[in-house]
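# Fold and contact review
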Amino acid sequence: MSRSTGRASLAALTARLRSLHRSILAHEQSESDIREEFEHHIAMRTAHLISEGLPPIAAESQARVEFGHVESHRVDARRARGLRRIDQIRVSWIDVKLGFRMLVKHPVLTLASVFALAVGIPVGLAPAHLAHAVNAPLPGDTHNRVRAIRYWDPATVSIAGTSYEEFAVWSRSLSGFSSLAAFRAVTLSVSVGNERAEPVASALLTGAAFDILGARPQMGRTLNMADVAQGAPSVAVIGHRLWVSRFNSDAQIIGRNIRVGGTLTTVVGIMPDAFRFPSNEQLWIPLHDERDTGLLSGMQVLVIGQLSDGFSAERAEAEVRNIAMPKTGDAIELQRQQRLRVEVVPFGLLYLGLPRGGLAALPEYYFVQLLMFALLLVACGNVAMLVFARTATRLREIAIRTALGASRSRIVSQIFVETFIFSSLAAVLGVFTVDWVVRQLNLASIAGLPAMPYWLTLDVTGGTIVNAVILATVCATVAGIVPAIRITGRAVNQNIRAFSAVRFGKLTSALVIADIAVAVIAVALSFTTVRQMLDLREQQVAGIPAAEYLAVEFRLSDDVVLRNRDEKAGGLTERRATVQRALVTALSTEPGVTGVAVGDVLPLMEHRSQSFELEKVSNGANVASKWVRTASVDVDYFRALGQTVVTGRDFTRNDAENADGKIIVNTPFVDRVLGGHNPIGQHVRFPSNRQRTGEADVDGRWYEIVGVVRHLGVNMVNSEHGEAVYFPVLPGRLNPMQVAIHVGASPLKFMPRVREIAGALDPDLTVSHPVVLGDVRQSDWYLTLGVGGALTLLAVVLVALATSGLFAMLSLSVSERTREIGIRAALGATQTVLVLTILRRSLIQIGIGALIGLPVAAALNIAVAMESQTSPVRALLIATALSAGIVGAVAVLSCLVPTRRVLAIQATEAMRAEA
């Protein structure tokens, strides 16, 4: 064969090889196909050179020099593709197909990765999603023009009340709002004919409210300006749920009379189920303009309005601030007007009492957001470890593709696409699973937890999806590109030697150890937390048999009184006092009732917090302002609960009637605030305090401590921090009032009789929220229980990540050390030695994680046990048992399959496979 013929043959083979490379780029053939095709052409060129007289070894060497030069093929391939930039990234549909193929090929790693990111991505989204939901427009506000006007108190970081008179001034003076409306939420009793009255969550509205909210009735009409005028007939609009449950979806209810409190009221409309303003109300009646009668004097309302065309919220706020309110001679009111700041804000900030800017304005928001992102990055780091293990099994494929001209960026982009696919699947799975859970929680009734406001929707929105895609991209970048760059940064000849040079680094080991340690801590803490919360249900409060008390809320509807022009302004308090005395007397005389306690809160319920100052303690040192839980109670409150004062004396009727500043504190107040010093005679001041007695404190007024009682369930989650102060209050000052009735066993069976007594006393007296006192849960209880559940979920995620990570590393180790295992087996190594050879590093990592996590978990559990006054030995045993269970589960789940693979390797098979 002539030299020219050889050159032509060589050119043809080279052209064929380049064509093969383009085919590979287009169709992404498997590694075995690539190797077989490449070796076939090398063999053809070797045979040609042998025919020309070269020795076989020299011929094969010459063929590989001609066709196997890495850099020449890389340059030629890039020139063939016409790429001007070496590192240009190309993403094609083939990458997507291969990505799904890799997900199926490695199901264990895929499930672990998807699970980790399906938890991490929603966690990362949660703060921003909730912040957006709070600031979102109300349903029906299509142009986002509805705003609330409120007073904000910077000193207390809370909302201050707005009077009806201030609303009236704004209504006639502002041009930045096309219309304004005032409202207030109440509970009214509703009945039809001779039926028993039932309490209904209701709202009093001025005439423009429905138009401002863009609400249209399902049937009939809404309220209008004529309905709120003096002398207007009593009318009401009912909600869809009330219409279905109480009126059996009767279309003829429009125009019929129902009894709202003691007043016959005509139903004029039915609202659709989507409208439950301001929160979850089902009845709306007019808020009548009674200013000239004096009945609205001092009544607090909430104000909303619709911005006028061309007015922004900022411009409208500036106008509101320039409105001068009438001055009063009340020094407290003058100080209030100087201290408060008027604001125009979204409705959600008004209703939830959040500062301007919403959740994002709270300092805790950014801490939580940072913590959530940190957890997401931890998940990404673990997933990166899994991706590295999966990519390490494809080294030969990567090496051959690189030798054939594929750029590093081309390979990295393919691995990124594969990672982006399962991160996107995780985002979809996580976001829509959370959305489904939220929908179920909205539908479910959980005892002790109020329903979310109808306008606070946590459903998935377009913005949520966009943010989820962004987080999925970030996760794919961290978990995909980083390990891909590390793998592709190796020399081609290293990759061709298969797995021999692949090792997991120190960071990978640290991640596995941290996963196990944190999982041990989290699962031990979660068990202790949940167990502690469940144990609290069985505890009695300072000797009070809470399971024998029926807790009921009574509220006297004030709207009927306000519309009764024969009443004086003070008649409302007198009427409430008369009803309260009659109610307590009637309940106390019932057979089996041994006590009736009345207060604005009861033991185990949420107590409001107030700042306070101590005049001095026994050592004469001044004490800075602090916060304490407070309650306003009837003078017989403690006796009705079977409590006696520990030190000092109980309240007397004179303490409430003279309002001369007597208070009772509990033992945690004495221990933590007064340092155990004698509390009797000490004085406490509550700056700018307005008690629910309806009277304003005068600046500088001091309250004298006259008695001490035991801890009465003020803070059941942490009883040592349940400092409380009790104020005496006269009958009629509380509305609503919480009543605890001691009836012995099965308290709920007494509820029908309670309704009968209330209905006989006053048709306006509503009875709601009946519950056994022992079943009352404070929000901290639910929050702590939720923390326990979150810790459990975190432990499950970390165990899954640690298990899958160890499994990936062990599987890779078995694959790359198959020949070594075969040689050891041939030399007589026992199965135990072979298994320990492979598992030693992983077992060491598991052991280190356990040694780090177990002492921390034990210490935290003992601290929690001592704080809750339970056995620390029991807590230590529980922590140890749970930690051992976690470590054992990780070890078994991660090592079982690789161990079986090691034991199945035969020396002859290993050597044959290597050859």
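In this section: the pattern of salt bridges. As enumerated under the stated definition, the model contains 21 salt bridges in all. Of the charged contacts in the structure, one is a salt bridge between Asp636 and Arg653, with a shortest N-O distance of 3.8 Å. Here Asp636, found in the loop between strand S16 (623–633) and helix H21 (637–640), pairs with Arg653, found in helix H22 (residues 653–658); they are 17 residues apart in sequence, far enough to count as distant. For Asp636, a relative accessible area of 32% corresponds to the partly exposed category. Its salt-bridge partner being Arg753, residue Glu756 comes within 3.0 Å of it at the nearest N-O pair. Taken together, the residues span about one helical turn, with Glu756 and Arg753 both in helix H24 (residues 751–761) at a distance of 3 residues. By relative accessible area, Glu756 is classed as partly exposed at 48%. Salt bridges linked by common partners bring Arg150, Glu317, Arg321, Arg341, Glu343 and Arg356 together as one network.

Let's shift gears to the confidence of the model for the chain. Mean pLDDT for the chain: 76, with 76% of residues reaching 70 or above. Highest mean pLDDT in the chain belongs to strand S7 (residues 235–239) (94); lowest belongs to helix H4 (residues 70–81) (44). When the criterion is pLDDT under 50, residues 23–34 qualifies, and its contacts beyond four places in sequence or with other chains add up to 22 contacts. Note on residues 690–699: pLDDT is under 50 here. Beyond four places in sequence and across chains, it has 25 contacts.

So, about the side chain of Ser191. Tracing the backbone shows Ser191 in strand S4 (residues 177–191). Not counting residues up to four positions away in its chain, the partners in contact with Ser191 are Arg196, Ala197, Arg246, Ile258 and Arg259.

Let us now look at a nonpolar patch on the surface. A contiguous nonpolar patch, built from Phe367, Val368, Leu371 and Leu375 and spanning about 350 Å² of accessible area, is present on the exposed surface. Position of Phe367 among the secondary structure elements: in helix H13 (residues 363–392). On the basis of relative accessible area, Phe367 is assigned to the exposed category, the value being 57%.

Right, let's get into the nonpolar core. Counting residues in hydrophobic clusters, the biggest one holds 40 residues, and the most contacted among them are Ile149, Trp170, Phe177 and Leu283. Here this core takes 6 residues from S4, the largest share from any one element. The residues touching Phe177, leaving out its near neighbours within four places in the chain, are Arg147, Ile149, Gly305, Gln306, Leu307, Ser308, Ala316, Val320 and Val344. Counting 37 residues, the second-largest nonpolar core is a separate cluster that includes Ala131, Trp284, Phe347 and Leu349.

Rules of the game
- Residues numbered from 1 in each chain as written.
- Predicted model: local features only at pLDDT ≥ 70, side-chain atom pairs only at ≥ 80, totals over all residues.
- Heavy atoms only, no water.
- Salt bridge = Lys/Arg side-chain N within 4 Å of Asp/Glu carboxyl O.
- Helix = DSSP H or I, 4+ residues; strand = E, 2+ residues; numbered from the N terminus.
- Buried < 20%, exposed > 50% of the residue type's maximum accessible area, 1.4 Å probe, protein only.
- pLDDT = per-residue confidence, 0-100.
- Contact = heavy atoms within 4.5 Å.
- Patch = residues over 30% accessible without salt bridge, like charges linked within 9 Å, V, L, I, M, F, W, Y side chains within 5 Å.
- Areas by Shrake-Rupley, 256 points an atom, 1.4 Å probe, with all protein chains shown as cover.
- Core = buried A, V, L, I, M, F, W, Y, C linked by side-chain atoms within 4.5 Å.

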